[in-house]
Structure formats: C-alpha cells, structure tokens
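Observations on the three-dimensional arrangement
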Amino acid sequence: MSEDLWILEEKQAMLAAIIMSSDDAIISKTLDGIITSWNPAAERLFGYDAKEAIGQHITLIIPDDRLNEEKFIIRQIASGKKVDHFETLRQRKNGQLVPISLTISPVLNSKGKVIGASKIARDISARQQADEKQARLAAIVDTSDDTILSKTLNGIITSWNKAAVRMFGFSEAEAIGRHISLIIPEERIDEEDFIIGEIRKGNKVAHFQTIRQRKDGSLVPISLSVSPIIDKNGNIIGASKIARDISGEQELYRKLKEINAKKDEFIALASHELKTPLTSINGYLQLLEQRISDKKSKDFVQKMRHQVTRLTELVDDILDVSKIEAGKLKLHKAEFDILKVVKNTIDLIANANPGHQLALHTSVKFCNLKGDEHRIEQLLINLLTNAIRYSPDSNKVEIFVSTEQDDVKIGVKDFGLGISQEKLPNIFSRFYRVDDSDTSVSGLGIGLYLCYEIVTRHHGMIWAESKPGFGSTFWFTLPIKDS
Ligand code: ADP
C-alpha cells in the first residue's frame, strides 16, 4: 500500500469515527433525496435505525407541510451552495415533531461535480424551551406592576422594566449603566451597603420597607425584596430587586388606624356612660331589697342585683380594654400581701358559687409585693370565674401559691372542659374565644386578655396547661421585689 493511500485510509477512518460519535445527526443523501448514510445520532434523533433509513427518500423525516423546503435546499445544493443553520421541524418515526437546526453542504466528486448533500441536524428543542422560558419571563417582567430591576454587585443597574420607568421616572436608557444610588435618597445610602452585604452572603432581603427617590426628587415609600443572581457555576454575580409602591397601603393603614382609634374612643365613652345608670340601678335595688320583707320578692331583687353586677363587670372589662388600647390603663402600685388577696378572692367567689369547692394549697404564710392590688384581685377573679364557668360537670377548683426564687407563683386548676393544644397559644389574645360547640358559656373573650396585660404590666408571666376533657391550670408569676 502506498503511503498516500495509507494516509487517506487513516483519514477516512478518523472521519468515520467522528461521524459515529457525533452528538449531531449526520446524514448524506443523493441529489434525488435518497438517504445514503445515517449515523447513530440520527438514529437517536429520528427513531429510525440506519437499515430502515438508508435507501429511503429524505421525505421520510420531513413533515407534509414542509416538503417545499426540500426543493429549496436541493436547489441551493445543486448550485454548489451551503445552507447554514436553517431552523425547521422534522418528524420522528413516532410522528412527534422535533425542532432542529440544519446545516447542509454539497458533496462533490473528484471532478468538482455536486453528487449529493451532507446534512448535520442539531436538536434544538432544549434551546427552544429555554428561549420560550426566557420570553415568558421577559413578558412577566415587562407587564409587572412592580419595579423589577437587576444590578451588579457593584450596584450598577443592568436591567430596568417598564414599571420602574413609571415608578421612578427614569427611562431604561437613563437608568441602565448607572449606579443604583440614582434612586436612593442621600440619607439612606447606607442601606445599599447592608443589602449588598446580605446578597454577597447569598441571603435574600424580603419586604424591606424604605423610601426611594424619583427623577423629579419626590419620594416614594416602597417595599423591597432583593435576591442574589447566581450564575451556572454557583457564583453570585448580582442582585435582582422587586420594589412595590406602598404609598396606597400606607394611606389605607393610616385611615384604618384613625377609624380604629375613633372606634376605641366610642367604646370608651359608651362604657363610661353606661356605668352611671348601672351604679344608680344597683343603689336603688339595694334600697328596695332593704324595704321588702316578702321572701319571694326579696329573692327577685337579689337576682336582679346579681345580673346588674354581671353587667357592670362586663362594662368594666370593655372599659379596661379600651384603656389598654389607648395606653391609658394606669396601675396604682403599693405594697400588699398577695396571700391575703388570694384568700379574700377565694372567699368572694366561693360565696357567690356555693355549689363549688375552692381549695387553697400553700405553705406560704404571707408574701408582700408591690403592685396594683385591685388589678391583681381582678386577675384572680377572672381566673377563678373561668375555672368555674368552664367546668360544667365538676365542682372542684384548686389554687396553688408558692414562692420560687424572686417570684410568687400562683396556679388555678380546674377539672373541666380543657383547651386543645392548638388553641392554647391564642387564649390570651383580645376577643379570642375557643369555639367549642359543646359549651354554652357566653363571653366576650376579654378576661384572659386583661389577665395577660395585668401580669405583664407587673413584669410577670402567665401561661396555661391543659388537656381537653381533663381540665386546665392557669399559672402566673409576679416578682416579689418590685412588680
Ligand atoms: P370569655 O370567657 O369571656 O370568653 P376569656 O378571655 O376569659 O373570655 O377566655 C377566652 C377563652 O378561653 C374562653 O372563651 C374559653 O374558651 C377559654 N377558657 C378560658 N378559661 C378556661 C378554662 N378554665 N377552661 C377551659 N377553657 C377556658
């Protein structure tokens, strides 16, 4: 074998290997369109193996509505021209269409005559999907009502959507390439260091409420969310920002606050006005009770007084809530013996509820602390009354008093309905009532809220332990030294 022939054979073997291992489909055909070679990538892409394809007409893989393309391609090739990156659709054996990019070159014989064509077909479905995704994202960014922009880690703006143009007054051309300080008021420029610092650490900054500046110098309150932009290799290369104009929300919040304050004012006034006639009714009922000797009538008047007292308590509670809301609940602190208050309150509640047994467990003889005695008594009344009200089938309540380090700890334990675990965290919230259809106990959901306020205003803690069906224990602590 001559050396030239040997080199030629080696070259041919190398070409064959390249064709066999190529990721692109490589096909050759005659000028009449008859397939003459078909590599493994073509098998994978179109689903026909080489035996099925070779000898067939190329229309095997051309969808009916694209047959004209073949005429155009053959004309180009016959005149010795190449067709480069021609994006089209071809059909797989299973009928499925596949987007491809075709590059077709004429095959010449030794005399330079075109005898066929070689085709390289690249599957571009992944790229097309990526393009589509990008187009969809671009449309979202474009139509968003929120400002969406991106910037480098040095703060240079790299994209600026239509909403940003509307919100800040700078056109895309005016903003891109400029530093983000373009829209940051001077006194807030430090915020950018904080935001970029977080981004560099790979953190997001969410719902950061701040103020930015428009082109005309006016200020706009915004809620900012900033996320790192990460490249293919996992490097943080910039930040994307979403900014929402919250001037409308702030105005709404201000209005709601105003309405809420007016409502609290009204409740305070109404409760105050209700108290005068209630006190007067109670006084007249007391006088009436003294003058009546008939036992039945006396009984009626006592029942009426009981109801008036209940009504007065409710009005007092509502008045207290509005005072708390307005920050006007005043504590009158003085030194008193908490144990005496506990004992007196137990007597008071026991007298009003003769069917119930209230047992005090303590080894403490006395315990002086500084606080508002009247409010602590109110707290105990609320807890003891609840223990009785929410125990329809039990007549036992236990009260524990102990001292622990610098605190006095008091517990009120009942054996009633109990409260489920998921409801427990809410029971000290204002107007919260455990919605239990088994109970017919009415209430406003104020008592425990007041208890919480009274305890925390004395720098103590309050919590509850409970198991549905087995009762509840409400605990609170108060500091002995200075509550
Ligand atoms: P009210 O009793 O007026 O509804 P509270 O603030 O005193 O309001 O109590 C809030 C809710 O907590 C009550 O609706 C009740 O469901 C629950 N609760 C309070 N104390 C007890 C208790 N001892 N046992 C079971 N549930 C209780």
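The following paragraphs examine the structure supplied in this document. (Residues numbered from 1 in each chain as written. Predicted model: local features only at pLDDT ≥ 70, side-chain atom pairs only at ≥ 80, totals over all residues. Heavy atoms only, no water.)

**Brief notes about the sheet that holds strand β15 (residues 407–414)**
Reading across the sheet, the five strands line up as β12-β14-β15-β17-β16 and stay open at both edges, with mixed pairing between neighbours. Edge positions in the open sheet fall to β12 (357–362) and β16 (461–467), since each of these has one partner strand only. With strand direction ignored, the average angle separating the axes of adjacent strands in the sheet is 15°. Pairing of β12 with strand β14 (residues 396–404) involves six bridges; the strand directions are parallel. Looking at the pairing, H361 lines up with F400 of β14. Seen against the sheet, helix α11 (residues 338–352) touches β12, β14, β15 and β17 (471–479) and runs at an angle of roughly 165° to β12. (Pairing = 2+ DSSP bridges. Helix = DSSP H or I, 4+ residues; strand = E, 2+ residues; numbered from the N terminus. Axes fitted to C-alpha atoms, helices over the stretch in contact; angles between N-to-C directions. Contact = heavy atoms within 4.5 Å.)

**Thoughts on a nonpolar patch on the surface**
Together, M14, L15, I18 and I19 line one region of the surface with nonpolar side chains, adding up to about 380 Å² of accessible area. Looking at the element boundaries, I19 is found in helix α1 (residues 3–21). (Patch = residues over 30% accessible without salt bridge, like charges linked within 9 Å, V, L, I, M, F, W, Y side chains within 5 Å. Areas by Shrake-Rupley, 256 points an atom, 1.4 Å probe, with all protein chains shown as cover. Salt bridge = Lys/Arg side-chain N within 4 Å of Asp/Glu carboxyl O.)

**Details of the side chain of D337**
Within the secondary structure, D337 sits in strand β11 (residues 334–337). Comment: no salt bridge for buried D337; closest opposite-charge side chain is K340, at 6.4 Å. At a separation of 3.0 Å, a polar atom in the side chain of D337 contacts the main-chain amide nitrogen of L339. Here C367 takes part through its backbone nitrogen, which lies 2.8 Å from a polar atom of the side chain of D337. (Buried < 20%, exposed > 50% of the residue type's maximum accessible area, 1.4 Å probe, protein only. Lys, Arg positive; Asp, Glu negative; His and termini not counted. Polar contact = N/O pair within 3.5 Å; in protein donor to acceptor, adjacent residues only side chain to side chain.)

**Quick look at the sheet that holds strand β2 (residues 35–38)**
Pairing in this open sheet of five strands is antiparallel, and the strands run β2-β1-β5-β4-β3 from one edge to the other. Each of the sheet's edge strands pairs with one partner strand only, and the pair in question is β2 and β3 (83–91). When strand polarity is set aside, the average angle formed by the axes of neighbouring strands in this sheet is 30°. Looking at chain direction, strand β4 (residues 97–108) and strand β5 (residues 114–123) are connected through nine bridges and run antiparallel. Each bridged residue has a counterpart across the sheet, and for S101 the counterpart in β5 is R122. Its contacts with the sheet place helix α4 (residues 67–78) against β1 (25–30), β3, β4 and β5, and it is angled at close to 150° to β3.

**Structural notes on the site of the ligand**
Neighbouring the ligand are 19 residues, the closest being N386, Y390, D414, R433 and L448. Between D414 and the ligand, the recorded distance is 2.8 Å, taken from a side-chain N or O atom to a nitrogen atom. Between the ligand and S472, the relevant distance is 3.4 Å, taken from a nitrogen atom to a side-chain nitrogen or oxygen of the residue. Alone, the ligand offers 530 Å² of accessible surface; in the complex the protein occludes 95% of this. (Near = heavy atom within 4 Å.)

**Quick notes on the state of the cysteines**
Applying the stated rule across the entire model yields zero disulfides. Considering cysteine sulfurs only, C367 is the nearest to C451, which forms no disulfide, with 19 Å between them. (Disulfide = S-S within 2.5 Å.)

**Brief notes about the packing of aromatic side chains**
Taken as a whole and judged by the stated rule, the model has seven aromatic pairs. For the pair W38 and F46, a centre-to-centre distance of 5.7 Å together with 40° between the ring planes defines the contact as tilted. Classification of W38 by relative accessible area gives buried; the value is 7%. For the cation-ring pair, K396 lies above F415, with the distance from its terminal atom to the ring centre recorded as 4.7 Å. (Phe/Tyr/Trp six-rings, centres within 6.5 Å; stacked < 30°, edge-to-face > 60°. Lys NZ or Arg CZ within 6 Å of the ring centre and 35° of its normal.)

**Brief notes about the packing of helix α12 (residues 373–389) against helix α13 (residues 447–457)**
Helix packing for two helices is described by the angle between their axes and how far apart those axes are. Where α12 meets α13, the closest approach of the two axes is 9 Å, and the angle between their N-to-C directions is 145°. The two elements α12 and α13 cross, and the hand of that crossing is left-handed. On the side of α12, the interface is formed by R375, I376, Q378, L379, N382, L383 and N386, while α13 contributes G447, L448, L450, C451, I454 and V455. Within the contact of α12 with α13, the residues separate by chemical class into eight nonpolar, four polar and one charged. (Left-handed = near helix turned anticlockwise from the far one by under 90°. Nonpolar A, V, L, I, M, F, W, Y, C, P; charged D, E, K, R; others polar.)

**Quick word on the nonpolar core**
Considering soluble globular proteins, one finds that nonpolar side chains tend to be buried as a cluster. Judged by nonpolar contacts, the single largest core of 37 residues is most densely connected at I338 and F476. Sort the elements by how many residues they give to this core and α12 lands first, with seven residues. If we ignore the near neighbours within four places in the chain, the residues touching F476 are L379, L380, L383, V408, K409, I410, V455, M461, I462 and W463. (Core = buried A, V, L, I, M, F, W, Y, C linked by side-chain atoms within 4.5 Å.)

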